[in-house]
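Residues per chain, in single letters:
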Amino acid sequence: MTKLNKRQSEAVRYADGPMLVLAGAGSGKTSVITRKIAFLIEQLGIPGRHIAAVTFTNKAAREMKERVGRIIDRKLTRGLTVSTFHNLGLNIIREEHDHLGYHPGFSIFDAEDAKALIQDLMLTHGSTDAGDELNPVQMTISSWKNAMRAPAEALSKAADEREQRIAIIYGYYNEYLKAYNAVDFDDLILLPVMLFRQHPDVLAKWQRKIRYMLVDEYQDTNVCQYELVKLLVAGRAAFTVVGDDDQSIYAWRGARPENLAQLEQDFPSLKVVKLEQNYRSTSRILRAANRVIANNPHAFEKVLWSDHAIGEEIRIIRCRNEEAETERVATEILDQKLKQGLGFKDFAVLYRGNHQARLLEVKLQAYQIPYRISGGQSFFAKSEIKDAMAYLRLLINPTDDAAFLRVVNVPRREIGPRTLEQLSHYARARNVSLFKALGDMGAQSHVTDKGLERLRRFAHWVDATCKRLHSDDPVQVIKQLFTDIEYEEWLHQHSGSPKQAQRRMENIWYLVDSIQRMLDDGKGTADEIGVEDAVTKLILRDMMEQREEEDDSDKVQLLTLHASKGLEFPHVFIIGLEEEILPHRMSIEEENIEEERRLMYVGITRARETLTLTYAASRRQYGEKMETIPSRFLDELPEDDVRWLGLGEADVEVNQKKGKATLSALLGDLGA
Ligand code: ATP
Ligand code: MG
């Protein structure tokens with residue numbers, strides 16, 4: 001176990017009141033959290049089940065859990081919560097769903113699901129084409145939720161007609177979510193907060209449960225998350241939050257680095273500890289990080305030094321185009337791995353946007369380099385696959401309420417939230433599934449005839465399809481299903497482009513083919529399976545895929561800069577260091593470079609031993625080949641610590657522009 005320095009140990013041992021650890025990257029903030037958990041359990045005798053530590057990404061939470069597992073006996077960690085904010089919220093909703101008017105087994109709408117619902121509501125309520133408005137509307141609704149603004153309040157405070165329209169959609173959106181027994185990501189935080197405000201007894205119960213709270217990456221909390229923390233720690237004020245204002249990279253999603261300063265006002269007895277020694281990176285890497293971030297204005301003065309060796313120069317590699325860039329990354333990884341006897345998992349490739357991973361994947365595959373993408377969307381997380389799976393689940397088990405609610409209005413059948421609410425009310429009173437209730441519900445019910453009629457038609461169709469699934473060729477029946485519901489048309493209405501709609505439909509056919517293959521594989525043998533088994537297997541595969549995410553075998557890690565926060569790797573590549581990529585085009589337009597610079601700072605500080613930055617001199621964009629401009633952040637690096645590579649004879653112009661092509665860099669390149 002590493003020996004804590006004086007300040008770290010002071011932070012670990014202080015448990016009498018609120019505490020903030022404010023410090024730069026790699027200074028051991030997360031280490032303080034994990035060591036403090038051990039201290040609370042082992043030294044102060046607080047049972048693990050009374051301690052909750054939260055962070056932002058699943059990967060970071062998993063990493064934190066592992067670190068705790070390494071320093072403390074597993075028996076003692078029973079019941080300990082180490083999770084994301086969203087998971088903590090989910091646990092609270094799960095346990096208190098009654099108070100919130102949700103039924104067990106509620107579903108979670110991810111951003112794609114939410115988008116489809118919002119788009120549908122926009123089309124139903126006046127928009128002829130949701131198109132460009134869709135994303136801003138979704139963002140606005142999300143920001144209202146994160147600011148804890150209910151639809152009625154959003155409507156009354158609407159600044160103009162446009163906001164009024166969005167507020168109305170927001171109201172419907174919430175009603176439908178409730179009717180579908182579903183919550184969205186923002187609800188995972190918002191609903192617990194509202195619950196706690198309305199039910200002091202429930203809050204008191206959770207305050208008794210969570211006696212000590214720790215928050216990592218505190219600079220990225222939004223209003224709602226901070227409120228959740230405040231509610232949970234109220235009274236006792238036993239908590240530790242750690243953060244770094246220079247790593248605040250989620251302002252676009254409502255994060256408020258001001259929450260750092262706010263703490264001192266809300267908790268006057270707050271004890272602040274600053275850490276100054278970086279234990280992660282070589283001096284060169286740290287110097288580069290410090291130099292880049294010095295270009296931003298600073299609210300808090302921080303010092304960060306390292307007594308690690310100076311280390312290798314930071315390499316900046318200019319590549320001809322994006323093909324050459326990704327190819328270079330692949331060959332560099334193979335080369336370094338071989339020369340230095342490293343594992344694939346010692347390498348990470350970071351990028352600004354998910355789309356940059358595609359080409360990289362192709363190259364890594366070509367060189368047979370195993371890799372894992374974090375935060376990318378898995379096949380089963382795609383909304384069209386979730387729709388299709390819900391239909392299949394409903395066919396093999398009509399009592400699956402979550403599946404029923406997911407597809408009842410996909411495609412649109414104009415079954416309103418009140419109709420669904422009454423159906424669910426009827427079902428609950430009799431303790432039967434929604435599907436069964438629908439069959440039972442007679443004319444005496446209060447459901448408006450139109451709504452009921454539409455529901456009945458849907459039920460009949462499901463019924464008939466179920467029957468045919470068992471009498472006819474099941475795969476043909478499933479294919480017919482998608483024709484019946486005119487799913488392709490629906491995808492066209494709900495996709496960004498015809499091409500995207502087509503891709504999504506292809507995913508559906510891929511799924512259908514998989515079922516065909518499963519059925520064919522066992523045909524005539526003892527392993528012959530029915531369509532139910534095939535679907536069950538698919539559901540299982542979905543869960544396996546989720547598990548796969550957690551596997552930590554020897555693979556190169558590919559992840560966005562955002563997703564890399566809190567993590568560290570011996571050898572880091574950051575690709576696409578070009579204007580309009582990093583910094584992002586939108587940030588340049590909005591003159592919001594500071595957050596992009598923090599993103600660059602986060603990226604640089606992930607590296608322990610070597611850092612390689614690449615850019616493409618030309619890149620295909622919107623189908624056209626365009627010259628690029630190297631990122632301004634490259635100019636901000638300390639000259640003595642970098643080595644430029646790839647500046648061949650044809651690059652005079654670039655050399656002049658950068659003024660950086662020193663003789664030594666060119667010689668270095670020749671030698672490399
Ligand atoms: P970030 O800002 O990137 O989240 P952090 O401040 O959370 O970084 P940690 O991840 O906790 O930093 O620590 C960085 C590295 O330094 C880890 O590998 C950790 O094990 C190591 N480390 C932390 N404290 C010490 C120490 N006192 N002695 C030796 N190594 C340490
Ligand atoms: Mg950390």
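- The name given to the protein chain in an unreviewed UniProt entry is ATP-dependent DNA helicase Rep, with Marinobacter psychrophilus as the source organism.
- Here the protein chain is described in UniProt, under the heading Subunit (unreviewed entry), as follows: "Homodimer."
- Regarding the protein chain, the relevant UniProt record gives this comment under Function (unreviewed entry): "Rep helicase is a single-stranded DNA-dependent ATPase involved in DNA replication; it can initiate unwinding at a nick in the DNA. It binds to the single-stranded DNA and acts in a progressive fashion along the DNA in the 3' to 5' direction."

## Structural notes on the sheet that holds strand β7 (residues 239-243)
- The strand order across the open sheet formed by 6 strands is β3-β2-β6-β7-β1-β8, and the pairing between neighbours is parallel. At either end of the open sheet lies a strand with only one pairing partner, and these are β3 (81-84) and β8 (271-275). Across the sheet, the mean angle separating the axes of adjacent strands is 15 degrees when strand polarity is ignored.
- Bridge analysis of strand β1 (residues 19-23) against β7 gives 4 bridges, and the strand direction is parallel. Pairing of L20 across the sheet is with V241, part of β7.
- Against the sheet, helix α2 (residues 29-43) contacts β1, β2 (51-55), β6 (212-215), β7 and β8, and its axis sits at roughly 165 degrees relative to β7.
- Along the sheet, helix α4 (residues 85-100) makes contact with β2 and β3, crossing β3 at roughly 110 degrees.

## Focus on the site of ligand 1
- Every one of the 19 residues lining ligand 1 counts as a neighbour, but G28, K29, T30, S31 and Y279 are closest to it.
- Ranked by the residues each element gives to the shell around ligand 1, the list is headed by α2, at 3 residues.
- Broken down by class, the residue content of the shell around ligand 1 amounts to 3 nonpolar, 11 polar and 5 charged.
- When residues of the shell around ligand 1 are sorted by domain, at least three fall in each of domain 1 (6-96 + 189-275) and domain 3 (305-370 + 553-670).

## Comments concerning the packing of helix α5 (residues 111-124) against helix α6 (residues 134-146)
- For the pair α5 and α6, interaxial distance at closest approach is 10 Å and the crossing angle is 110 degrees. One way to sum up the angle between α5 and α6 is to call them roughly perpendicular. Note on packing geometry: the crossing formed by α5 with α6 is right-handed. Contacts between α5 and α6 involve A114, K115, I118, Q119 and M122 from the former and L134, V137, Q138 and I141 from the latter.
- Among the residues making up the contact of α5 with α6, the classes are represented as 6 nonpolar, 2 polar and 1 charged.

## Observations concerning the environment of R162
- Topologically, R162 is positioned in helix α8 (residues 161-179).
- C-alpha of R162 to C-alpha of V137: the two residues are 25 residues apart in sequence and 9.7 Å apart in space.

## Describing the UniProt feature "binding site: ATP" (unreviewed entry) in the protein chain
- According to UniProt, the positions carrying the feature "binding site: ATP" (unreviewed entry) are A23, G24, A25, G26, S27, G28, K29, T30 and R280. The greatest C-alpha distance among the residues just named is 13.5 Å, despite their covering 258 residues of sequence, which places them together in space.
- Summarising the element assignment, A25 is placed in the loop between β1 and α2.
- Discounting residues that sit within four places of it in the chain, A25 has contacts with D244, Q247, N278, A289 and T605.

## So, the packing of helix α1 (residues 6-13) against α2
- Two numbers describe how α1 lies on α2: the axes approach to 8 Å, and their chain directions differ by 45 degrees. The angle between α1 and α2 falls in the class oblique. For the crossing formed where α1 meets α2, the hand is right-handed. The residues of α2 that touch α1, namely those facing Q8, A11, V12 and R13, are S31, V32, R35, K36 and F39.
- Residue composition of the contact of α1 with α2, by class: 4 nonpolar, 2 polar and 3 charged.

## Notes on the pairing of strand β12 (residues 556-560)
- Burial within β12 is extensive, with 5 of its 5 residues counted as buried.
- Both faces of β12 are covered, namely the face carrying V556, L558 and T560 and the face carrying Q557 and L559.
- Relative to β12, strand β11 (residues 371-373) runs parallel, the two being bridged by 3 bridges. Looking at the pairing, R372 lines up with Q557 of β12.

What counts as what
Residues numbered from 1 in each chain as written. Chains lettered and ligands numbered in written order. Predicted model: local features only at pLDDT ≥ 70, side-chain atom pairs only at ≥ 80, totals over all residues. UniProt positions renumbered as here; feature names shortened; annotations may be inferred. Pairing = 2+ DSSP bridges. Helix = DSSP H or I, 4+ residues; strand = E, 2+ residues; numbered from the N terminus. Axes fitted to C-alpha atoms, helices over the stretch in contact; angles between N-to-C directions. Contact = placed C-beta atoms within 7 Å. Near = placed C-beta within 6 Å. Nonpolar A, V, L, I, M, F, W, Y, C, P; charged D, E, K, R; others polar. Domains from an automatic or database assignment. Parallel < 35°, antiparallel > 145°, perpendicular 65-115°, else oblique. Left-handed = near helix turned anticlockwise from the far one by under 90°. Buried ≥ 20, exposed ≤ 12 C-beta atoms within 10 Å, placed from the backbone.

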